[in-house]
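Inside the fold
Next come the chains, spelled out residue by residue.
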Amino acid sequence: MLEQYQKKNRFLQKVNPSLKLAGVLMIIAVMVPVFDPWTPLFLFGLTVLLIIGLGGVSIRFLGLLLLPFLVFAFSFLWIQVVFPDERGETILFSIGSMPVALENVYTGISLGMRALVFASWSLLFVLTTDPTRFMLSLIQQCKLPPRFGYGMMAAYRFLPMFREELQQIRTAHRIRGLGEKRGLKQFKRYFIPLMAGAIRKAERTAIAMESKGFDGRRSRPFYQRIHWNRYDACFIGLFLTLLVVVYIVRAQWLVS
Amino acid sequence: MSYIQAKELSVTYPMEEIPALPPLNLDIRKGEKILILGPSGSGKSTLALALQGLIPRTIEAEKTGNVSVDGTAPENWAIAEACRHIGILFQDPDTQFCMETVEDEIIFGMENIGLPVGEMEERLKEVLKITGLEQRRLERLSSLSGGLKQKAAIACLLALDSDTYVLDEPTANLDPQSTEDILQLWIDIADRQNKTLLFIEHKMESILEEIDRVIALRKEGGILAEGPPREIFRRSLPALEEQGVWVPEICREALVREAEGKITWDQLPLNLKEWEAECSRHGIVKTRIENKTPARPAMDTIPILEASGLSFFYDKKQVLRDVCFTLQAGEFAALVGANGAGKSTLAHIISGIHSPSNGTLLRKGKPSETWQPDDIMKQTGFVFQNPEHQFITDTVEEELTYGWRMAGMGPEEWKTELEEMLDLFQLQEKRKANPFSLSQGQKRRLSVATMLTSDQELLVLDEPTFGQDEANTNALMNILKRLHRQGKTILMITHDMELVDQYTENVLLLDQGTIAYEGRTASFFEQTAMLHWASVQAPVSRELRQWRFALERQEAPC
Amino acid sequence: MKQKRTMNLREIVVMAFISAVFGVLYLIWIFLGQMVTGVLGPVGGGLMAGFWIMAPIVCALIIQKPGAALFAELIAAGTEVMVGSVNAGSVLILGVTQGLGAEIIFAMFRYRSFKMPVLMLAGMAGTFASFVTQFAMYGYSQYASIVVWLMLGTMLLSGILLAGWASHYLTFALARTGVLHNFAIGKSEYQRNKQEPAS
Ligand SMILES: Nc1ncnc2c1ncn2[C@@H]1O[C@H](COP(=O)(O)OP(=O)(O)OP(=O)(O)O)[C@@H](O)[C@H]1O
Ligand SMILES: Nc1ncnc2c1ncn2[C@@H]1O[C@H](COP(=O)(O)OP(=O)(O)OP(=O)(O)O)[C@@H](O)[C@H]1O
Ligand SMILES: [Mg+2]
Ligand SMILES: [Mg+2]
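None of the values given here were measured: they were computed from a predicted structure. (Residues numbered from 1 in each chain as written. Chains lettered and ligands numbered in written order. Predicted model: local features only at pLDDT ≥ 70, side-chain atom pairs only at ≥ 80, totals over all residues. Heavy atoms only, no water.)

**Points about unusual backbone geometry**
Residue and element names in this part refer to chain B. Selection criterion: Secondary structure elements follow DSSP: runs of H or I no shorter than four residues count as helices, runs of E no shorter than two count as strands, and numbering proceeds from the N terminus. Buried, partly exposed and exposed residues are distinguished by accessible area as a fraction of the type maximum, computed with a 1.4 Å probe on protein chains only: under 20%, between the cut-offs, and over 50%, respectively.
Cis peptide bonds are those with omega within 30 degrees of zero, and the linkage from Ile55 to Pro56 qualifies with 5 degrees. Residue position: Pro56 is located in helix 2 (residues 54–57). One non-glycine residue, Asp161, lies in the positive phi region at around 55 degrees. Within the secondary structure, Asp161 is located in the loop between helix 6 (146–160) and strand 6 (164–168). Looking at Asp161, the relative accessible area reads 34%, which means it is partly exposed.

**A short note on the domain arrangement of chain A**
Condition: Where each domain starts and ends comes from a domain assignment, either automatic or drawn from a database.
Splitting chain A by domain gives domain 1 (2–135 + 229–254) and domain 2 (146–211). Placing the centre of domain 1 of chain A and that of domain 2 of chain A at their C-alpha centroids yields a distance of 34 Å.

**Considering the pattern of salt bridges**
Side-chain pairs of opposite charge can arise whenever the charged atoms involved come near each other. Residue and element names in this part refer to chain B. What counts here: When a carboxyl oxygen of Asp or Glu lies within 4 Å of a side-chain nitrogen of Lys or Arg, that pair is called a salt bridge.
Counted by the stated rule, this structure contains 41 salt bridges over all chains. In this structure, the salt-bridge partner of Asp191 is Lys33, at a minimum N-O distance of 2.9 Å. Here Asp191, found in helix 7 (residues 176–193), pairs with Lys33, found in strand 3 (residues 33–37); they are 158 residues apart in sequence, far enough to count as distant. A relative accessible area of 46% means that Asp191 is categorised as partly exposed. A residue is classified by how much of its surface remains accessible, and Lys33, at 8% relative accessible area, is buried. A network of salt bridges, in which partner residues are shared, links Arg29, Glu32, Arg213 and Glu226.

**Regarding the nonpolar core**
For clarity, the cut-off: By nonpolar core is meant a set of buried Ala, Val, Leu, Ile, Met, Phe, Trp, Tyr and Cys residues that side-chain atoms within 4.5 Å join together. Here, residues are in contact when the closest pair of their heavy atoms is within 4.5 Å.
Counting 215 residues, the largest nonpolar core has Tyr150(A), Phe22(C) and Phe106(C) as the members making the most contacts within it. The element best represented in this core is helix 1 (residues 9–48) of chain C, accounting for 17 residues. Taken together, domain 1 (2–135 + 229–254) and domain 2 (146–211) of chain A each give at least three residues to this core, which thus spans both. Those residues in contact with Phe22(C), other than ones at most four positions away along the chain, are Phe191(A), Met195(A), Met54(C), Ala55(C) and Val58(C). Within the second largest apolar cluster, 71 residues are counted, among which are Leu37(B), Leu124(B), Leu268(B) and Trp275(B).

**Quick notes on the site of ligand 1**
Residue and element names in this part refer to chain B. Spelled out, the test is: It suffices for a single heavy atom of a residue to lie within 4 Å of a molecule or strand for the residue to be listed as near it. Polar contacts here mean pairs of N or O atoms no more than 3.5 Å apart (in protein, one a potential hydrogen donor and the other a potential acceptor; neighbouring residues in sequence count only if both atoms are side-chain atoms). A 1.4 Å probe and the Shrake-Rupley method give the accessible areas. Residues count as covered only by the protein chains that appear here. Under the scheme applied here, ten amino acids are nonpolar (Ala, Val, Leu, Ile, Met, Phe, Trp, Tyr, Cys and Pro), four are charged (Asp, Glu, Lys and Arg), and all others, including Gly, are polar.
The local shell around ligand 1 holds 17 residues, among which Gly41, Lys44, Ser45, Thr46 and Gln91 are the closest. Side-chain polar atom of Ser40 to an oxygen atom of ligand 1: 2.9 Å apart, as the coordinates give it. Within the side chain of Thr46, an N or O atom sits 2.5 Å from an oxygen atom of ligand 1. For ligand 1, whose accessible area on its own is 640 Å², the fraction buried by protein is 81%. Looking at the shell around ligand 1, the elements that each hand over two or more residues are helix 1 (44–51) and helix 15 (440–453). It is helix 1 that provides the largest number of residues to the shell around ligand 1, a total of 3 residues. A per-class count over the shell around ligand 1 returns 2 nonpolar, 11 polar and 4 charged.

**Looking at the environment of Gln486(B)**
The residue Gln486(B) is located in the loop between helix 16 (470–485) and strand 17 (489–493) in this model. In the structure, Gln486(B) is positioned 156 residues away from Gly330(B) in sequence and 8.6 Å away in space, judged by C-alpha atoms.

**Observations concerning the interface of chain A and chain C**
Quick reminder of the rule: In this description, buried area is defined as the sum, over both parts, of the accessible area (probe of 1.4 Å) that is lost when the two are combined.
Taken together, the contacts link 64 residues of chain A with 62 residues of chain C. Together, the buried faces of chain A and chain C total about 5800 Å²; carbon and sulfur atoms form 80% of this surface. On the chain A side of the interface with chain C, the three residues burying the most area are Phe148(A), Met152(A) and Ile199(A), jointly 10% of the side's total. Remark: the boundary between chain A and chain C carries 1 salt bridge. A salt bridge links Glu203(A) to Arg10(C); the shortest N-O distance between them is 3.4 Å. Of all the elements, helix 9 (residues 184–211) of chain A adds the most residues to the side of chain A that touches chain C, at 19 residues. Here the side of chain A that touches chain C is composed, by residue class, of 48 nonpolar, 6 polar and 10 charged.

**With respect to the sheet that holds strand 2 (residues 21–29) of chain B**
Residues and elements named next belong to chain B. In plain terms, the rule: Two strands form a pair only when DSSP identifies at least two bridges running between them. Comment: axis = line fitted to C-alpha atoms, over the contacting stretch for helices; angle = value between 0 and 180 degrees taken between N-to-C directions.
Pairing is antiparallel in the open sheet, where 3 strands are placed in the order 2-1-4. In this open sheet, the two edge strands, each paired with only one partner strand, are strand 2 and strand 4 (62–69). Within this sheet the neighbouring strands show an average axis-to-axis angle of 5 degrees, counted without direction. Seen against the sheet, helix 1 touches strand 1 (2–12), strand 2 and strand 4 and runs at an angle of roughly 120 degrees to strand 1.

**What to know about a nonpolar patch on the surface**
All names here are of chain C. We apply this condition: A patch is a set of surface residues, each over 30% in relative accessible area and not in a salt bridge, joined within 9 Å for like charges and within 5 Å for the nonpolar side chains Val, Leu, Ile, Met, Phe, Trp and Tyr.
Together, Leu47, Leu157, Leu161 and Trp165 give the surface a local cluster of nonpolar side chains, amounting to about 370 Å² of exposed area. Top contributing element to the nonpolar patch by residue count: helix 6 (residues 145–175), with 3 residues. Within the secondary structure, Trp165 sits in helix 6.

**Quick word on the sheet that holds strand 11 (residues 317–327) of chain B**
Residue and element names in this part refer to chain B. With respect to topology, 4 strands assemble into an open sheet ordered 11-10-13-14, the strand pairing being antiparallel. A strand with exactly one partner marks an edge of an open sheet, and here the two such strands are strand 11 and strand 14 (366–367). Two strands pair when backbone bridges link them, and strand 10 (residues 305–314) and strand 13 (residues 358–363) are joined in this way by 5 bridges, in the antiparallel orientation. Bridged to Ser311 within strand 13 is Asn358. Sitting on the sheet, helix 11 (residues 343–350) touches strand 10, strand 11 and strand 13, and the angle it makes with strand 11 is about 60 degrees.

**Overview of the interface of chain C and chain B**
Counting from both sides, the interface comprises 9 residues of chain C and, opposite them, 8 residues of chain B. Interface area lost by chain C to chain B is led by Arg10(C), Thr177(C) and Tyr190(C), which between them contribute 49%. The interface formed by chain C and chain B holds 2 residue pairs in polar contact (both at pLDDT 80 or more) in total. A per-element tally of the side of chain C that touches chain B places helix 7 (residues 184–195) of chain C first, with 3 residues.

**A word on a negative patch on the surface**
Residues and elements named next belong to chain A. Heads up, the rule is: Only four residue types enter the tally: Lys and Arg on the positive side, Asp and Glu on the negative side; His and the chain ends are excluded. Positions of charges follow a simple convention, taking NZ of Lys, CZ of Arg, CG of Asp or CD of Glu.
Residues Asp85, Glu86, Glu89 and Glu103 make up a contiguous surface patch of negative charge. Here Glu89 lies in the loop between helix 5 (59–82) and strand 1 (91–95). For Glu89, a relative accessible area of 73% puts it in the exposed group.

**Re the environment of Tyr138(C)**
You can see Tyr138(C) is positioned in the loop between helix 5 (116–137) and helix 6. A residue is classified by how much of its surface remains accessible, and Tyr138(C), at 3% relative accessible area, is buried. C-alpha of Tyr138(C) to C-alpha of Gly50(C): the two residues are 88 residues apart in sequence and 18 Å apart in space. Those residues in contact with Tyr138(C) that sit more than four places away from it in its chain are Phe72(A), Phe76(A), Leu111(A), Arg114(A), Ala115(A), Phe118(A), Asn87(C) and Ser90(C).

So this is what it looks like as structure tokens:
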């Protein structure tokens, strides 16, 4: 499902993965001092437009991924209402004996929306980035030691298999007459075979990698080089414009 | 001038008392094609690791004695250098890749040895062409079937252009046709580029005459017999059989007939073609025996399984379509077919792990949906392709007795049977070991054995004998036979047609996701055309039976 | 036997696989965690926090070399992102801080001691780092201080129980299977068994 979007030939997919990641981290940093609800709302809207317009992701799929996150975001609101740092003055209504203040609702929405902004930027990255390119870019641009890069790549390859194995181990237990139980003992029954299998596989994979001549040197030729290109320049421009627009809009209209 | 030389080479894994590879002497010339045979656990895979210097460079096992390849000790090579000398094809096709796609994996190796980009391009094209993977270069490795994975691994090795290739069970899990194709591929490569080949295999019928020398290892260490295939099988056949090492059916038969005085072979035949040529020089022709196998008896009892119009999809990919078959209670049937035909998938459906997307499956006359999952599992024993999934206790012994203990039996009831199992499957010295610490072959045996001790009435086994030596295969099949006689229904997936012929009554043939044949085993092997397009081959022993008949009618040797 | 202090490829790949398995488990846990947080709020969510520190502690315990905890958590975070976590950015930032938190404790003991109390301490350090990061990232300064203190409390408790005790329990159960023979933990375990044979 993800792969289909990650391999699309759209603008966001062509931007250097490390650059996109830097963008995500920047956004998180920028959002830290913001406590009004409108700025994150505005930024969130723009981000969704970006993902759909420049990444070719369908709005339904995006919604599907964000939906469970809404619950998480909502928790910020109600906790802010019930346990605020200081209660606001504009009381809207009371739930039982507890007054609900407009200021607290605003802060709650702001914090919830902030979580959603983080999530949307994460999705912007995840949905438009091919894992192999990501790994190569980390090695080539961020100087990640190849051992770690290719090691992670190897593990990534096995992910679908782990999920399948978890399923198979469950069935095996049922075939052998071990009912479903709860608790740490049961967790251990799944965890141990899964981990033991993973460790054995990892050892064999590492040995196979070395037997193919992989020594983790940094100076290796690359068949696929991730170069800086004009898409990266465009992305930087776009990103800065986005920040400026959000800043101006916020200063002009949102925070009075 | 010897190229690979080992003197008293021995390897002991950390924290083990007995060496995994007992002292061994080897002497191999450049360009030779060697077949290494040996019982399971005799240290063959360990030898491969030592030859490339992975032991002790990467694996901290203790190595004693000397080994040299092309005049230097492998452990002195740099990592990137080692793979130019020796390339290893590992036993497990899944764990020798680290990238996502076929192309990326081939390139990974070439980047490691520092090829310039232009040359990478050329070699990539070349190895894809040799292995016939041009159409698949961008496919994910995890979506390939067993045979294609094997080919991808070969392409990666060829791109490294090593001088010597060590191939550790290159055909395990492959269907008979792919087995032959892949072995032939290796022989062609070796001949064209003068490479040295070391096959490590339990079985290798089809290209035996291309092998220069067979080296058979002994379990206790050292070499049991060594020489060109014709000589070794003539000279040491009983010794090999006694160690549980595979010997070609055709050589066994040939020697038996010679001992009976029916024929004297100028040259021991290694395959049917040679047998035929030799016989025709003696003026013997094959007698066609009309096999009159009784048709499958019509039963009026309710079949244990009855499927009609089953289909199955993985996401959007259809794997099974319109599958119809019946399995009667008490039957011993084989499920055969090419790699990727959908056998394991069908087995999963039968044992209740997957549900069919369409169609009906009746269990004892009742639709599968109406059964509780737990009841299906209580009726159906299933041996997974990966043995590790099945282990749920801490020692081999507990694992074996688990079924009995669950059934509420006390130690006095299963004590003798336990000892018998441990002896039969050669797990006696591992009885206190943790199941995860066993070797591949030992794990496989244990996982099968555990299923034999619980009392489900239907047993489904997914390739229970792969990677096993002859002794263990026989032990296992004999137990299955006994269980069958006791009334269990058995469905076994296998690529080994000798087993199908020898043990099973009925055959289900899956071809591209649908049942192409359902009926008696004997008549199955007579449908030559069908066998051909389904990538299956009739076992040698069937042909041999007809020749035996001809020889028996011979009055005296010529 | 003299041990090299840097990690070799085998150890790195094994770490990556373990973390990847945790990455998959994290995804299930995240879902659970979000439900719990959604209903009980961050205080309840705090109880779940220790689970995120399991990967670095398990790996550090197995490999017992500098950097293992930090890298394990980074790899786990990286894998989580590659499988499609909805929360990639925060996951990565948290990965760095949590990993660092645990790593500092192991460094304080100069990578010599991996006993239960040390693991619990490392678990606490991990969840503490996680708390500080989330405090800044998700604006916890806006909540009543009692909530914030309670949250810190539950997170630390979870660090002790899940990250410390449960990691120890599971890792030693794993060591008994024999798959860890080629790693630091397997070796020390073996030597201990040899000194006090079959009790
Ligand atoms: N990593 C390891 N640690 C400890 N013991 C091992 C290890 N690998 C293999 N062994 C043991 O060493 C012995 C030889 O193993 P090896 O894999 O070389 O056998 P093999 O001849 O290849 O067997 P098979 O035909 O089943 O593949 C076995 O008894 C096995 O249990
Ligand atoms: N989990 C999966 N997701 C998608 N496709 C799958 C999955 N498992 C198997 N397939 C595909 O389904 C087809 C049938 O697979 P299956 O494993 O049933 O074949 P098989 O007959 O057991 O082959 P082999 O002899 O190689 O074991 C193959 O083309 C395979 O690629
Ligand atoms: Mg082997
Ligand atoms: Mg199969």
